[in-house]
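Results of the structural survey
One-letter residues, chain by chain:
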Amino acid sequence: MDNQKKHVAVYTFPYSSHPSLILTLTRRLASAAPNVIFSFFNIEKSNDVLFSNLSCNNILRYDVSDGIPEGYVFKGTPQEDINLFLAVAEEELRKGVQVAEMDTGLKISCLVVDAFFWFCGDMAEEMGIPWVAVWAAGDCSLASHIYTDLIREKSAQLIGSVGPNEEIVDLMPGLKAVRLGDLPSGVVLGNLESPFSTMLHKMGRTLHKATTVTLNSFQELDPNLTTTLSSKLNNFLSVGPFNLISKEKTSLKLDEFSCISWLDNQNTKTIAYISFGTVFTPPPQELVELAKALEETKTPFLWSLKMDSHKHFPKGFVERVTVNGTGKVVPWAPQDQVLNHVAIGVFVTHCGWNSVLESLGAGVPMICRPFLGDQHLNSWMVERVWGIGLRIEGGTFTKHATRRALEQVFSLSNSRHERMEALKDLAHKAIEPNGSSKQNFKTLVEVVTGETQH
Ligand code: UDP
């Protein structure tokens, strides 16, 4: 193989915010290693969005099948699209690698893949190349999967005596306390046998074999979790927060609906920004309760909500708030820029990992309404470990709980604000030239390219 030209295969889980996160990492790698070719594998629908506005000479787009048979009629079972994809994921990568090697005339020299794809460990071993696993969420949820067997063993002794909402001390290394109900579904509670839970369990058991495990976080955020994960994994590298490093405009970040100019006309720290990420929408009744609470408390807001959910709002809601100037509802907002706007006073969020990091990096307190996956654990960290937000009382939006949460967040104590500023500072320090994330990224580039960085 030509020493100058390395060829890296990148493979993303194709749903939620994984593709955009893994492409962001790929772009950073591609710019740090311009001689290396990165073949990026993803399903067509997601690649169409990601690559609509991207031109990068050393990133090649490859579409893989989403596993949905032609003419397939969805039955409406949980995670149906995900399960169909998972059934073909390994085979699709194996086929894709052959095509990319033929196209470029270069053998793959490293696999940079979504950590979900535990089977890549075997592939990398067969190919005799490094396996770089990218965890697309936070340290806390990663630890819950790495320690699933231990957590199951310990919690089996407590079953019957401890409810899902009771705090358990020392259940999981790296966390002083946690509640069973906050662990991702499939660790202890929920369907432990679903294809998704099985995949995560296998991942947790296999990741110690990866050459490197990397994630969008910074090690000062949770020194205890970083220490425990570093003891279990090879080259555990926090290389974020990505949003503070990668300020390039991608197609996803355009301000198509003029959110920033609207915020420019609002008072400092008065606006509630509301978004539940790329996948989730609260049930209709909760949308109604949240909307009513905003109107009744006269809280000005910017709300990113998919168009097809607007029909659930109380009658005339959007028209009223638009006319009196107290609110703006958009199908998409440039979230990172929004959170960094001086007008934002609070973020009402589902606690997806990227949203949490973006809020933390902007020093904006959160009102958390987690739905599933890692979101409950992230909101536990926000409220109980970092003290930079609170969970909605009772777990769902009611008018009363939302009103209370808004009142509490808009009158946070000085010590809470200081805590937020301190974490924001640590996030920004991590990406300075000598910061931990910058140094870790250098190591990552060395693993991926097989070359020493200077
Ligand atoms: N996002 C955005 N504008 C929106 C909604 C979401 O830019 O209107 C971005 C947000 O900044 C974040 C990502 O989409 O980077 C959502 O990721 P997260 O991990 O928070 O949630 P997920 O979509 O995976 O549930």
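One can find the structure itself at the top, above this paragraph.
Residues numbered from 1 in each chain as written. Predicted model: local features only at pLDDT ≥ 70, side-chain atom pairs only at ≥ 80, totals over all residues. Heavy atoms only, no water.

Re the pattern of salt bridges
Pairs may arise between side chains of opposite charge once their charged atoms sit close together. Our working definition: Counted as salt bridges are all cases of a side-chain nitrogen of Lys or Arg within 4 Å of a carboxyl oxygen of Asp or Glu. Helix and strand labels come from DSSP, where a helix needs a run of H or I of at least four residues and a strand needs a run of E of at least two; each type is numbered from the N terminus. For every residue, the accessible area obtained with a 1.4 Å probe (protein chains only) is divided by the maximum for its type, and the residue is called buried under 20%, exposed over 50%, and partly exposed between those limits.
Applying the stated criterion across every chain, the model contains 18 salt bridges. Here E286 and R369 are joined by a salt bridge, their closest N and O atoms 2.6 Å apart. With E286 in helix α11 (residues 284-297) and R369 in the loop between β14 (366-368) and α15 (375-385), this residue pair connects regions lying 83 residues apart in the sequence. Accessibility assignment for this pair places E286 and R369 in one class, buried. Linked by salt bridges that have partners in common, R179, D182, E383 and R391 make up one network.

Things to note about the packing of aromatic side chains
For clarity, the cut-off: Side-chain rings of Phe, Tyr and Trp, where Trp is taken by its six-membered ring, are said to pair if the distance between their centres is within 6.5 Å; with planes under 30 degrees apart they count as stacked, over 60 as edge-to-face, and otherwise as tilted. Counted as over-ring charges are cases with an Arg CZ or a Lys NZ within 6 Å of the ring centre that also lie within 35 degrees of the ring normal.
Taken as a whole and judged by the stated rule, the model has 23 aromatic pairs. With centroids separated by 6.5 Å and ring planes inclined at 85°, the aromatic side chains of Y11 and F41 adopt a geometry described as edge-to-face. In this pair, Y11 sits in strand β1 (residues 7-11) while F41 sits in strand β2 (residues 37-43), placing the two residues 30 residues apart along the sequence. For the residue pair Y11 and F41, the accessibility class agrees, reading buried in each case. Ring geometry for W353 and W386: centres 6.4 Å apart, planes at 55°, overall tilted. One end of the pair, W353, is in helix α14 (residues 353-362); the other, W386, is in the loop between α15 and β15 (389-391), and 33 residues separate them in sequence. Of the residues examined, W353 reaches a relative accessible area of 3% and is grouped as buried. A cation over an aromatic ring shows up here: R28 above the ring of F441, its NZ or CZ 4.0 Å from the ring centre. Positioned above the aromatic ring of F371, the side-chain terminus of R369 is 4.1 Å from the ring centre.

Quick word on the pairing of strand β8 (residues 212-215)
Using the following cut-off: For two strands to be treated as a pair, DSSP must find at least two bridges joining them.
The alternating pattern of β8 places T212 and T214 and V213 and L215 on opposite faces, both of which are buried. As paired elements, strand β5 (residues 131-135) and β8 share four bridges and run parallel to each other. Across the sheet, W135 pairs through a bridge with L215, a residue of β8. Summarising the sheet, β8 and strand β9 (residues 236-238) pair through three bridges and their orientation is parallel. Paired with V213 across the two strands is F236, which belongs to β9.

Comments concerning the environment of D170
To keep things clear, this is the line we draw: Only heavy atoms enter the contact rule, under which two residues are in contact if any of them lie within 4.5 Å.
Secondary-structure assignment places D170 in strand β6 (residues 167-172). A sequence separation of 39 residues divides D170 from W131, and the C-alpha atoms of the two residues are 31 Å apart. If we ignore the near neighbours within four places in the chain, the residues touching D170 are K154, L175 and K176.

A short note on the packing of helix α5 (residues 139-146) against α15
Condition: Only the stretch in contact is used when a helix axis is fitted, and all axes are lines through C-alpha atoms; the angle between N-to-C directions ranges over 0 to 180 degrees. Roughly parallel refers to an angle under 35 degrees, roughly antiparallel to one over 145, roughly perpendicular to one between 65 and 115, and oblique to any angle outside these ranges. Crossings are sorted by hand: turned counterclockwise from the far helix by less than a right angle, the near helix makes the crossing left-handed, and turned clockwise it makes it right-handed.
As a packed pair, α5 and α15 sit with axes 9 Å apart at the nearest point and diverge in direction by 125°. In terms of axis orientation, α5 runs oblique to α15. In this structure, α5 crosses over α15, and the sense of that crossing is right-handed. Across the interface between the two elements, C140, S141 and S144 of α5 pack against L377, N378 and M381 of α15.

Side note on the nonpolar core
Quick reminder of the rule: Among buried residues, the Ala, Val, Leu, Ile, Met, Phe, Trp, Tyr and Cys ones that are joined through side-chain atoms within 4.5 Å form a nonpolar core.
Counting residues in each nonpolar core, the largest one holds 95 residues, and the members touching the most others are Y11, L207 and W386. The element contributing the most residues to this core is helix α3 (residues 80-104), with seven residues. When near neighbours in sequence (up to four residues on either side) are disregarded, L207 contacts A115, W131, A133, L142, I146, V213 and L233. Among the nonpolar cores identified, the runner-up in size contains 29 residues, and L25, A136, F242 and V448 belong to it.

Side note on the sheet that holds β5
Within a beta sheet, neighbouring strands are joined by backbone hydrogen bonds and run either parallel or antiparallel to one another. Read from one edge of the open sheet, seven strands run β3-β2-β1-β4-β5-β8-β9, paired in parallel fashion. Both outer strands of the open sheet, β3 (59-64) and β9, are each paired with one neighbouring strand and no more. Shown here is a sheet whose adjacent strand axes are inclined to one another by a mean of 20°, direction ignored. Strands β1, β2, β4 (110-114), β5, β8 and β9 of the sheet are contacted by helix α18 (residues 436-449), whose axis makes an angle of about 130° with β9.

Some words on helix α6 (residues 148-156)
To keep things clear, this is the line we draw: Think of the arc as the fan of directions from the helix axis to the C-beta atoms.
Turning to α6, its buried residues number three or more, namely T148, I151 and S155. Along the axis of α6, the buried positions cluster into a sector of 65°, meaning they face one direction only. Along α6, exposed side chains directed more than 90 degrees from the buried face belong to E153 and A156. Here the buried face of α6 lies against α5, β6 and α7 (195-206).

Section: the state of the cysteines
Quick note on the threshold: The rule for a disulfide is simple: a pair of cysteine sulfur atoms within 2.5 Å.
As enumerated under the stated definition, the model contains zero disulfides in all. You can see C56 has no disulfide; the closest cysteine sulfur is in C110, sitting 17 Å from it. The exposure class of C56 is partly exposed, given its relative accessible area of 24%. For C120, which is in no disulfide, the shortest distance to another cysteine sulfur is to C110 and amounts to 11 Å. We classify C120 as buried; its relative accessible area is 0%.

A closer look at the packing of α3 against helix α4 (residues 120-127)
What counts here: Residues are grouped as follows: Ala, Val, Leu, Ile, Met, Phe, Trp, Tyr, Cys and Pro are nonpolar; Asp, Glu, Lys and Arg are charged; every other residue, Gly included, is polar.
Running from N to C, α3 and α4 cross one another at 40°; their axes reach a closest spacing of 12 Å. Accordingly, the angle class assigned to the pair α3 and α4 is oblique. As for how α3 packs across α4, the hand of that crossing is right-handed. Contacts between α3 and α4 involve L93, R94, V97 and E101 from the first element and C120, M123, E126 and M127 from the second. Of the residues in the contact of α3 with α4, the class split is five nonpolar, no polar and three charged.

None of this, on its own, says anything about what the molecule does.
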